Amino acid sequence: MAGGVFVDSGKGKAYPGNLTVYVIVTCVIAAMGGLIFGYDIGISGGVTTDASFLGRFFPSVRRREIQFDSDTSRSANQYCRFDSLILTLFTSSLYLAALLSSMVASAVTRMFGRKLSMLFGGVLFMIGALINGFAQAVWMLILGRILLGFGIGFANQSVPLYLSEMAPYKYRGALNIGFQLSITIGILIASVLNYTFLRIRGGWGWRLSLGGAVVPALIITIGSLVLPETPNSMIERGNEHEAREKLKRIRGVDNIDEEFRDLVAASEASRKVQHPWKNLLFQRKYRPHLTMAIAIPFFQQFTGINVIMFYAPVLFRTIGFGTDASLMSAVITGAVNVVATVVSIYGVDKWGRRFLFLEGGIQMLICQIVVAICIGVRFGVNGVPGDLPRWYAIVVVLFICIYVSGFAWSWGPLGWLVPSEIFPLEIRSAAQSINVSVNMFFTFFVAQVFLAMLCNMKFGLFLFFGFFVIVMTIFVYFFLPETKNVPIEEMVIIWKQHWFWSRFMTEVDYPGSQNVEMKSEEKV
């Protein structure tokens, strides 16, 4: 079948194990690492529309905004209302820093464990939040953003791996998506706080918004200190006896011999790999993993979602909403984001990853076309809307919410889940680092150029991202196999049975074949 591969679960292994309270609590605490990423995404757009904040740090943008607001004839080009290189640098500098730190985080995660990487992420994010909250000049804002980015790079490297390694394979999708749920909750909380703090008289509410990032940073910092390490990481660092006991507690059963042997075998194979980066980049058998590590985060950012989530208040103000209305619209889209992510948690291990990817892509495409038409009809190419009727605002917000829901149960959570579960242990940290780096680079790119693109491409910007949604949906249909209910250490099966990727896997054995050979030799 050209559309992918559906693995017969009978060919893989069914490790015994239960969904224990211990695992649920552990994964919930770890998933809170997504709060720092989500809080930052949600807080940035609201702060960059605040008059006091703009007047203090970006006076040229504030002067232009005053000119737009004083234009009673509404003849000014609204598309270019917030176009500023320095303003976008404030938002996007964080993601460039996250890209750089993810490289370091790869080595830390592999050599010292997932917990330490989470701890670094929380501490760095906390320091950055404090600097931003007390900022007196633009350089302090940028420095704070860079430290926030370092924190996010460490957290995004370690948390998805931690969740995938701790979760029983039958529930891996739902538990891993807890990370994305935390991101969406962080976005929603930030949007609500923006709506509250930026209405404070005196113009200092933005300090509470930016400084409030200390709270999610404390959560992941404290969480990293109380969480257990994953059995995979323990074995990887030579603590096999401790890992065996931990695996028993995690799975809630004593019969963990087969899974433990496979984890040890994977770790022994991993130790033989001296240059995981070189192998990942140049060995033929890792071509499917490298492709997914690059393509999935690239496509995730080119859905255009961060145009909505970063700049929701900016975007809504651009299309004619007042300040309070634009912030409230951001709260609405944030709430939709959370609810739709819960749908993904329910369905990812029932309906599969491919179904959600394909349905979400089609839904996003339809909404992007409708929003482009709505904005194009009212604003044209000159960005002069005239008086905007109430029904227009309702239609735009409605279709943006439908678009956000499509992303939130497809490319949002699955963009983190699928890469974290398909990489073999010997290249897992390196491949996850590439995944995070590509994600952060294109997040940086989209954030940096969005306002300029909106000014120049106008309503066509939504069609631009719609084109990429078409491409990514076709890519998933033909090249992404289904990973539902496949244990991580058995994931090689899906590549060996895929119509396209199997040609790269000719020298790779099915999992367990080496153990079978060893047992047969012992009998002889």
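Here the structure is shown first, and the text comes after it.
The rules behind these values
- Along each chain, the written sequence defines residue order, and numbers are assigned to residues from 1.
- Residues qualify for local features only when their pLDDT is at least 70, as the model is predicted, and side-chain atom pairs are given and counted only at 80 or more; totals for whole chains, interfaces and linings, by contrast, use all residues.
- To get the side-chain values, take all heavy atoms of the structure and skip hydrogens and water.
- Patch members must show over 30% relative accessible area and no salt bridge, and they are joined within 9 Å when carrying like charges or within 5 Å when they are nonpolar side chains of Val, Leu, Ile, Met, Phe, Trp or Tyr.
- Only the protein chains shown count as covering a residue, and every accessible area follows the Shrake-Rupley method with a 1.4 Å probe.
- A side-chain nitrogen of Lys or Arg and a carboxyl oxygen of Asp or Glu constitute a salt bridge if their distance falls within 4 Å.
- What counts as a helix is a DSSP run of H or I of at least four residues, what counts as a strand is a run of E of at least two, and both are numbered from the N terminus.
- Relative accessibility under 20% of the residue-type maximum defines a buried residue, over 50% an exposed one, and the middle range a partly exposed one, all with a 1.4 Å probe and only protein chains included.
- Two cysteine sulfurs form what is called a disulfide whenever their separation falls within 2.5 Å.
- For a helix, the expected span equals 1.5 Å multiplied by the number of residues minus one.
- Here a cavity means grid points, on a 1 Å grid over the protein atoms only, where a 1.4 Å probe fits yet cannot get out; a pocket means an open set of points with protein on both sides within 12 Å along at least five of seven lines; lining residues are those with an atom within 4 Å of a point.
- Grid points are joined across faces, edges and corners, and a volume is the space filled by probe spheres set on the points.
- In this classification, the charged set is Asp, Glu, Lys and Arg, the nonpolar set is Ala, Val, Leu, Ile, Met, Phe, Trp, Tyr, Cys and Pro, and all remaining amino acids, among them Gly, are polar.
- Each axis is a line fitted through C-alpha atoms, taken for helices only over the stretch in contact, and angles between the N-to-C directions span 0 to 180 degrees.
- In what follows, roughly perpendicular refers to angles from 65 to 115 degrees, roughly parallel to angles under 35, roughly antiparallel to angles over 145, and oblique to any angle outside these ranges.
- Any pair of residues with heavy atoms lying within 4.5 Å of one another is described as a contacting pair.
- Throughout, a crossing is termed right-handed when the near helix is turned clockwise from the far one, and left-handed when it is turned anticlockwise from it by less than a right angle.

Engineer: Would you take a moment to explain a nonpolar patch on the surface for this structure?
Structural biologist: The grouping of Val-21, Val-25, Ile-29, Leu-218, Ile-222, Leu-225 and Val-226 at the surface amounts to a nonpolar patch, some 640 Å² of accessible area in total. Elements supplying a minimum of two residues to the nonpolar patch: helix H1 (21-31) and helix H10 (214-226). Top element by residues in the nonpolar patch is H10. It accounts for four residues. Tracing the backbone through its elements, the reader meets Ile-222 in helix H10. Look at Ile-222 and you get exposed, because its relative accessible area is 51%.

Engineer: What should I look at first to understand the state of the cysteines in this one?
Structural biologist: By definition, a disulfide is the covalent link that joins the sulfur atoms of two cysteine residues. As enumerated under the stated definition, the model contains zero disulfides in all. With no disulfide partner, Cys-367 has as its closest neighbouring cysteine sulfur the one in Cys-401, 9.7 Å distant.

Engineer: Can you walk me through helix H22 (residues 460-479) in this structure?
Structural biologist: Note: α-helices contain 3.6 residues per turn, so residues at a spacing of three or four share the same orientation. Taking 1.5 Å per residue, 20 residues should reach 28 Å; H22 reaches 29 Å between its end C-alpha atoms and fits that length. Three or more residues of H22 are buried, namely Gly-460, Leu-461, Phe-462, Phe-465, Gly-466, Phe-468, Val-469, Met-472, Thr-473, Phe-475 and Val-476.

Engineer: How should I be thinking about empty space enclosed by the protein in this particular structure?
Structural biologist: Any space left empty among the atoms is revealed by the rolling of a water-sized probe across them. According to the stated counting rule, one finds five cavities of 30 Å³ or more in the structure shown. Its volume calculated, the largest cavity comes out at about 150 Å³. Forming the boundary of the largest cavity are 14 residues, of which Ile-41, Gln-180, Ile-183, Asn-306 and Phe-407 lie nearest the centre. Among the elements of the structure, helix H2 (34-47), helix H8 (172-197), helix H15 (287-301), helix H16 (305-318) and helix H20 (411-422) are those that each provide at least two residues to the lining of the largest cavity. Looking at the lining of the largest cavity residue by residue, the class counts come to eight nonpolar, six polar and no charged. By volume, the second largest cavity amounts to about 70 Å³. Lining the second largest cavity are eleven residues; nearest its centre among them are Gly-304, Ile-308, Gln-368, Tyr-403 and Phe-462. Of all elements in the fold, only H16, helix H18 (353-379), helix H19 (390-408) and H22 reach the threshold of two or more residues within the lining of the second largest cavity. Among the elements that take part in the lining of the second largest cavity, H18 stands out by supplying three residues, more than any other. The residue makeup of the lining of the second largest cavity, split by class, is eight nonpolar, three polar and no charged.

Engineer: Quick question: what am I supposed to make of the packing of H1 against helix H7 (residues 138-166) here?
Structural biologist: Any two packed helices are characterised by the angle at which their axes cross and by the distance between the axes. The geometry of H1 relative to H7 is characterised by a closest axis approach of 10 Å and an angle of 170 degrees between their N-to-C directions. Compared by their axis directions, H1 and H7 come out roughly antiparallel. On H7, the residues that touch Val-23, Thr-26, Cys-27, Ala-30 and Ala-31 of H1 are Val-159, Tyr-162, Leu-163 and Met-166. Partitioning the contact of H1 with H7 into residue classes produces eight nonpolar, one polar and no charged.

Engineer: I keep staring at the packing of H20 against helix H21 (residues 425-457) and nothing clicks. Help me out?
Structural biologist: The N-to-C vectors of H20 and H21 enclose an angle of 155 degrees; their axes lie 9 Å apart at closest approach. The orientation of H20 relative to H21 falls into the category roughly antiparallel. By crossing handedness, the relation of H20 to H21 is classed as right-handed. Of the residues in H21, those touching H20 at Gly-415, Trp-416, Pro-419 and Ser-420 are Gln-432, Asn-435, Val-436, Asn-439 and Met-440. Here the residues of the contact of H20 with H21 sort into four nonpolar, five polar and no charged.

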